[in-house]
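The residues making up each chain are set out below.
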Amino acid sequence: MKLTTPLPMPAMCRQRSRRKIPKHLVLESETKKRSWPKYVMLLLSLPLLLLLFALADLASAEEDYRWQNDFNERGGELFFKDAAGRKAAALHLGSDFNVQVNGMVAEITLQQRFKNQGDEWLEAVYVFPLDEQSAISAMQMRVGERLIKGKIAEKQAARKQYQLAKKQGKKAALSEQQRANLFTQRVANIAPGETIEVELKVVQAVSLRDKAELGGMQFSLRIPTTLTPRFIPGTQVKAHPQEQQVKLDSHGWAQATDQVADAGEITPPMLTQVGDNDIVNPMSLELTLDAGLPLASVSSPSHRLSLNKSAEQHHITLANGVAAMNRDFILEWSPNPSVQPRAALFRQSKEQSDYAMLMLLPPQTLSIALPREVIYIIDTSGSMDGESIIQAKAALKTAIQQMNDGERFNIIEFNSNYSLFASQPLQMNVHNRMQALDFVAGLHSGGGTQMLPALREALQAEAQEGFLKQVVFITDGSVGNETELFREIHKLLGDSRLFTVGIGSAPNGFFMRKAAEFGRGSHRYISRLNQVEEEMALLFKQLSAPVLRDIEVQWPEHLTVSALPERIADLYMGEALQLHAKLTEMNASAVMDGNVVIKGRLATGPWQQSIPLAALADKEHSGLSNLWGRKKIAALEDEKTLGRDPKRVRAEVLKIALAEQLLSPYTSFIAVEEKILRPVNAISDSVAVPNQLPKGSAKPAAAIKQQLAMAYPKTASGWQAKLSQSISMLLILLVAYCLYRIALRGATRPDHANVVA
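Residue positions are counted from 1 within each chain, in the order its sequence is given. Only residues with pLDDT of at least 70 are given local features in this predicted model, and only at 80 or more are side-chain atom pairs given and counted; all residues enter the totals for whole chains, interfaces and linings. Remark: hydrogens and water are excluded; side-chain values derive from all non-hydrogen atoms of the structure.

Describe the nonpolar core, with residues and values.
Remark: nonpolar core denotes a set of buried residues (Ala, Val, Leu, Ile, Met, Phe, Trp, Tyr, Cys) joined through side-chain atoms within 4.5 Å. In this scheme, a residue with accessible area under 20% of its type's maximum is buried, one over 50% is exposed, and one in between is partly exposed, where area comes from a 1.4 Å probe on protein chains only. Core analysis: the biggest nonpolar cluster contains 68 residues, and Val 99, Val 101, Phe 114, Leu 287 and Trp 333 have the highest contact counts within it. Labels follow the DSSP assignment, with helices taken as runs of H or I lasting at least four residues and strands as runs of E lasting at least two, numbered in each case from the N terminus. Among the elements that take part in this core, strand β11 (residues 195-205) stands out by supplying six residues, more than any other. By definition, residues are in contact when any of their heavy atoms lie within 4.5 Å. Setting aside residues no more than four positions away along its own chain, Val 101 makes contact with Ala 106, Val 206, Leu 221, Leu 287, Thr 288, Leu 289, Asp 290 and Trp 333. If you look at the next biggest cluster of nonpolar residues, it comprises 32 residues, including Ile 400, Ala 436, Met 536 and Leu 543.

As C-alpha cells, then:
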C-alpha cells in the first residue's frame, strides 16, 4: 500500500491520529507520561524551598535595616520634647571620679548619676570602660537620702534577683563585667524627674616605666571614659540555651555570632551627632596624689588640669570643672632624679593573711642584639579613621626609618581583608626603604577589623635562619573576639615576639596588654602625634633584646605564698617588675622577717637583689588584696583561653571572687530597695545610655554607620545569596525540563512510514 504524507489536521483531531501507533509504543509512551511528573516536582521543590528561606531572610534583613536606621537616627537613646518643643534625651548621665593615689595604688570612687528627664518610668543600661587591671570591690545605690549597699552574688542569681525587683516595681541596681575592661551598670525603675546615684569602689595599680633617656622614672595612671566600637566577626547564631535563662535588655547594635557569643552586650549605642568639644554626659575629677617621693613634674597629656600642692600631696581637678567623656584620662608624674628608688615593697594586713606588692626596676643594660626580621601589622579599618590612622602611619614611618640596613622586614595592612607590601620579607636598604614609605603613605582607613588572617600571615612564616623574628602590631584593638585572637597568638608564636602599639584616644587596653603577654613582648600607647618619635624610639630599644631574663622570686620558707604572675616574663628596656602576692600564715604579720630575693640574668651575667620583709612595717597600703584577687582571676581566665576546662575555671573564679568580694565574669553586685514604688499600671521603658565616640574620630555619624555596616553580624548565607541560588536552580531545572520534553516528543512522534492503515 502506498502512503502519502498526511495533511495537517485540526488540533482536536490530532489525538485520534496518534492512536494508530502500535500498542507496545502506546503503552511505553503512557508509562513515560505517568512517571516523569513526580521527579520534576521533587526537583522543583528544592529551589522553591530555598526561595522561601530567601524571602524570610529578606524580611529579617529589612527589619535589621529599619532597626539600624532608627539606631543611627537616635544613637540608641530615648528622647522627649520639653515645654519649648525641643528634643532632649530622656535619660541623663553624669560621672564623678574621686581618686586617691598612694604610692603604687590608686583608689577610685566612681559616682554615676542617672537622671530621668522624661515623663515615663525608666530602666537605665550603661556600658562603660575601666582599666583592664582594675578591681571593682564594692557598689551601693543612693535614692534620695536612702543608701542601699550592694551584695556580691553569682551572676545568674544576681540577674534573677534584679529581674524580679524590676518586675515588682522596686528600685534596683546591677553591676556586671563583660570584659576585663568593659562593664555594664543597670538601674531599674527610675521615676520621672528622679535621680539615682550608683557608687562603685575601684582599685587600680599605678604603672611605672624607666625612661632613662628622659631623666628617669615615670609613673602614670590611665582612666578610660569611653570606648571605640568593637568589630564583631563571625556568622550570626542563636544565643546558647544557658544564656537564655536570664535574659536582660542589652541594647547592643550587634547580635551573637559563632565568634562573639556576647556581641549584644559589648556593642553599646554611640552618640553619632556629637563633636569632640560637645559635653553630653559630663565627667568631673578630683584627684589627690601622694607619691611618697618629692616630685619633679606632674602633668596630663590628655586633659588640662588645675593643680595645687599641699605639703607632700598634689590636689588635681579638671581646669574647666567638667570634660567630655570621649578619651582616656592620663596622669603622669616623675620623682626628682636624686630620690628614685629601684625597688619597693608594700603590704596590706587582712584577716589571717598579708598581701604584698613588689615593684622593681632592674639595671637597664642592653645585650648584643641579634639581626632582626620585623613584620609590621597596621590596622586600616574604619575604626581607625581620623587622627588614629594619621598616628598609626606616622608610627610605622618612624619605625621604617629607624631600621638598620641589612635587617629584614615586611608590612601587612588589614581591614576586611589584608595585603602585603612584599610577598616575603625584604632586606632593608635605601631602595626598599623608599618603596615601603611610599606604600605606607598610600594607606587609607575603611572596612572591617578582620585581625585573625593578618595575624596568621605574620606569625606562621618562619624567619630566615640567623634572624630574630618580631611582630609589631599597630591598632586600636577594637574587636570583640579577643579570646580567639589570644589563643591563636599562643598557638602560632613559636620563637617570635609580639609587641603591640595602642593607637587613638580610647584604645582597647585589654587587647593591647594581653596580646603582648601571650606574645611574650611589651605594649605601649600613642594617643598624640607628638608621642610618636619618643614611643617608637623606646620600642626599638625593646626590640633589641630583654634587659633581664630567667627571672625568679624566692620568698622566706616559713611563708606560704601565692605570687602572681606565677611565671615571670622577660623584662624589656624601661619595664618594671610588678608582683602581687598573698602571704598565708597563722600569724603572718608577726613573722615578717627574712628577705625576698629576686634573681635573673642580665646581658653581663647573673644578677640578684634582696628586699627585707621588715621594710613592710611602714608601707601599709589598702587595696592590695583586691589587686591580688583580680590578678588571680585574670590568670585563671588565661588558663581557660589556653584550653583548661571552663567549668573548673568558673568554679575557682567564683571561690576567689566571692571570698574577696570582687566583680568578675561570674559574679555581680546587686542592690535592691525592698519598698515597691512604681505604680502597678505604670509602664517602664528600658533605655540605653550611649557612649561618646573617641576624640579625633573623623565624621562621627559616618564613622559609626560604617562600623555598623561592617561589624553587624551576617547570617550564614544572606537573603541575596539564597535568592540568587534559588533563581539559578529554577532556571537550570526549567532548561533541563524543556530539553527532556523535546527529547520525549521526539521519541513518541509516530513514524508514518511504518504505521498500519
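Now that the structure is up, let's keep going.
Account for the packing of aromatic side chains, with residues named and values stated.
Any Phe, Tyr or Trp ring, taking Trp's six-membered ring, that has another such ring centre within 6.5 Å forms a pair; planes under 30 degrees apart are called stacked, those over 60 apart edge-to-face, and the others tilted. Across all of its chains, the model carries 13 aromatic pairs by this definition. Relative to Tyr 126, the ring of Phe 114 lies with its centre 6.4 Å away and its plane at 70°, an arrangement referred to as edge-to-face. Taken together, the positions of Phe 114 in strand β4 (residues 105-116) and Tyr 126 in strand β5 (residues 121-129) put the pair twelve residues apart, joining distant regions of the chain. Here Phe 114 and Tyr 126 have matching classes, each one buried. Judged by centre distance (5.3 Å) and plane angle (75°), the rings of Phe 499 and Tyr 572 are edge-to-face. In this pair, Phe 499 sits in strand β28 (residues 497-503) while Tyr 572 sits in the loop between β31 (560-564) and β32 (577-584), placing the two residues 73 residues apart along the sequence. The exposure class assigned to Phe 499 is buried, which follows from its relative accessible area of 0%. Through successive ring pairs, a cluster of aromatic residues spans Phe 414, Phe 473, Phe 486, Phe 510, Phe 511 and Phe 518. Above the face of the Phe 467 ring, Arg 408 is positioned so that its terminal group lies 5.9 Å from the ring centre. Our definition puts a charge over a ring when NZ of Lys or CZ of Arg is within 6 Å of the ring centre and also within 35 degrees of the ring normal.

Could you give an account of the sheet that holds β31, with specific residues and numbers?
A pair of strands is considered paired only if DSSP assigns at least 2 bridges between the two. Taken in spatial order, the four strands of this open sheet run β21-β22-β32-β31, and their pairing is antiparallel. Edge positions in the sheet fall to β21 (343-350) and β31, since each has one partner strand and no second. Averaged over all pairs of adjacent strands, the angle between strand axes in this sheet comes to 20°, irrespective of strand direction. Pairing analysis gives eight bridges linking strand β22 (residues 353-360) to β32, with the strands arranged antiparallel. Residue pairing across strands places Met 359 opposite Gln 578, the latter belonging to β32. Think of each axis as a best-fit line through the C-alpha atoms, taken over the contacting stretch in the case of a helix, with angles from 0 to 180 degrees between the N-to-C directions.

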